[in-house]
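Topology and contacts: notes
In case you want the letters, here they are:
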Amino acid sequence: MSKKIIVLAESREGALRNVSFEAIAAGKKIADGGEIVSVLIGDNVSELGQELVAYGADRVITVQSEKLKQYSSDGYAQGLLAVLDEENPEGLVFGHTALGKDLSPRIASKLGSGLISDVTSIEEDGGEPVFVRPIYSGKAFEKKVVTDGLIFITIRPNNIDPLPKEESRSGEVTSLDADIKDLRTIIKDVVRKATDGVDLSEAKVIVAGGRGVKSEEGFEPLKELADLLGGAVGASRGACDAEYCDYSLQIGQTGKVVTPDLYIACGLSGAIQHMAGMSNSKVIVAINKDPEANIFKVADYGIVGDLFDVVPLLIEEFKKIKA
Ligand code: FAD
């Protein structure tokens, strides 16, 4: 049966996040030919609506207010619930991002609905969607179906391919005048960590360093390689604890969960807590001096050697390819 699906889009610094397009594609898999309505909340975001249409949204609703300039669960929940009141959808799709993880349980509880979080793929059984999600830190996968009520999922970034962008797609972009009541939390200022370049959680290529990188300066060749490949730098907790880099780069059970196309692990041992955050990467390359290092168990390609020899060689070769 065809369903109307609301997809929450996310923008940051005036640009849509890629997970918004992936969520539209996920919505299409659930909608069974029904309508995809993308909702964009913020301040001055209406000019982004057309891009959501180009990625497959049938309709876009923006909820804009000065009070929604910064994310707050209170403000965004008010904005989204106003849309849901009018639209009565059969399904909701959010990104499994910091925002999605914060907002989705609140909305689910307000609606009295269940929530399937961190979905990595959507299969089909007898015309009904089956949601696949990792459990036990990625060591197993479970499959879930919704038998009754609203379908509400969050999707892990980088796992569901967006639809191709087609500027010729047409769709209506409207704005909803939501009455956003005074917020209980006012964000006065946001101080961003200086992560130049690509967002780690959405990066297609990640070059990660561990304790073997040995110093803050040791990360420089990793940054150069990441830049060359249009990727981001990540780290093990070992490297963060040793103060070689910022904790915002930490990948793993207590850090970020990433699924890039290519993960290059340099001088990290592959502790189970680290692998919980990266073992679902599509291709894993490990560089480690120790041939017995655990990381080689999940690596598609392993290089036994000193990272300070191997990484410069990789940089040299990729420069030749790019030249
Ligand atoms: P090490 O284990 O010390 O490994 C360093 C590696 O570098 C070694 O394999 C060595 O052979 C190699 N090496 C050294 N020099 C070179 C060189 N020149 N060239 C090539 N290779 C070299 N860890 C995380 O990463 N993320 C998490 O989210 C996380 N959460 C945790 C949660 C809990 C509750 C606990 C208890 C631990 C958690 N940890 C986490 C820590 C984890 O258990 C490991 O201690 C940590 O991942 C080790 O970091 P590492 O691999 O960089 O260091």
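In this report, we go over the structure that sits alongside the text. (Residues numbered from 1 in each chain as written. Predicted model: local features only at pLDDT ≥ 70, side-chain atom pairs only at ≥ 80, totals over all residues. Heavy atoms only, no water.)

1. A closer look at unusual backbone geometry
Spelled out, the test is: In this text, helices come from DSSP runs of H or I with a minimum length of four residues, and strands from runs of E with a minimum of two, each type numbered from the N-terminal end.
The phi dihedral of Tyr-136 falls on the positive side, at around 50 degrees, and the residue is not glycine. For Tyr-136, the position within the fold is in the loop between strand 9 (128-135) and strand 10 (140-144).

2. Concerning the pattern of salt bridges
Stated precisely, the cut-off is as follows: Here a salt bridge means any side-chain nitrogen of Lys or Arg lying within 4 Å of a carboxyl oxygen belonging to Asp or Glu.
Here the structure, examined in full by the defined rule, presents 23 salt bridges. The shortest N-O distance in the salt bridge between Lys-165 and Glu-51 comes to 3.7 Å. With a gap of 114 residues between them, Lys-165 in the loop between strand 11 (151-155) and strand 12 (172-176) and Glu-51 in helix 2 (residues 49-54) connect regions that are remote in the sequence. For Lys-282, the salt bridge is made with Asp-261, and the minimal N-O distance between the two is 3.3 Å. Placement of Lys-282 in the loop between helix 7 (272-275) and strand 16 (283-288) and of Asp-261 in the loop between helix 6 (237-241) and strand 15 (262-266) is noted, with a sequence separation of 21 residues between them.

3. With respect to the site of the ligand
Threshold: If even one non-hydrogen atom of a residue comes within 4 Å of a molecule or strand, that residue is called near it. Contacts described as polar in this section are N or O atom pairs within 3.5 Å, which, within protein, must combine one atom able to donate a hydrogen with one able to accept it, while residues neighboring in sequence count only if both atoms come from side chains. Charged residues are taken to be Asp, Glu, Lys and Arg, nonpolar residues to be Ala, Val, Leu, Ile, Met, Phe, Trp, Tyr, Cys and Pro, and polar residues to be all remaining types, Gly included.
Within the structure, the ligand sits among 26 residues, and Arg-211, Ser-236, Thr-254, Ser-269 and Asn-288 are positioned closest to it. Between Ser-236 and the ligand, the recorded distance is 2.5 Å, taken from a side-chain N or O atom to an oxygen atom. A distance of 2.9 Å is found between an oxygen atom of the ligand and a side-chain nitrogen or oxygen belonging to His-274. For the shell around the ligand, the secondary structure elements donating two or more residues are helix 6, helix 7 and helix 8 (307-322). By residue class, the composition of the shell around the ligand is 5 nonpolar, 15 polar and 6 charged.

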